[in-house]
Amino acid sequence: MGKTASILDKIESAIPFVMPAIGGGIAVIWVNLNPMKLYNPMIWLPAGAILGWLVGRGILRLMDRFR
């Protein structure tokens, strides 16, 4: 039980940093895959990071609920 709890603690501590980075990365991919639509990266990158942060908060709440 100690090793599993240690792995879950590591995952919980990484989620607040990893999820906004993943959201921002997805926004970069989205902007670059649609060059003809002229998406503004100054809007989409922070929006992706904020959405990633919100998803991370949801994941942490689910992890707390099932703990």
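Residues numbered from 1 in each chain as written. Predicted model: local features only at pLDDT ≥ 70, side-chain atom pairs only at ≥ 80, totals over all residues. Heavy atoms only, no water.

Looking at unusual backbone geometry
Working note: non-glycine residues mostly have negative phi, and peptide bonds are mostly trans. In the Ramachandran plot, leucine 38 falls in the positive-phi region, its phi being about 55 degrees despite a non-glycine side chain. One can find leucine 38 in the loop between helix 1 (2-33) and helix 2 (41-65). (Helix = DSSP H or I, 4+ residues; strand = E, 2+ residues; numbered from the N terminus.)

Looking at the environment of alanine 27
For alanine 27, the position within the fold is in helix 1. What makes alanine 27 buried here is its relative accessible area of 6%. In this structure alanine 27 touches Trp44, Leu45 and Gly48, once residues within four positions along its chain are discounted. (Buried < 20%, exposed > 50% of the residue type's maximum accessible area, 1.4 Å probe, protein only. Contact = heavy atoms within 4.5 Å.)

Describing the side chain of glutamate 12
Structurally, glutamate 12 can be placed in helix 1. Look at glutamate 12 and you get buried, because its relative accessible area is 17%. Discounting chain neighbours no more than four positions away, the residues touching glutamate 12 are Leu60, Met63, Asp64 and Arg67.

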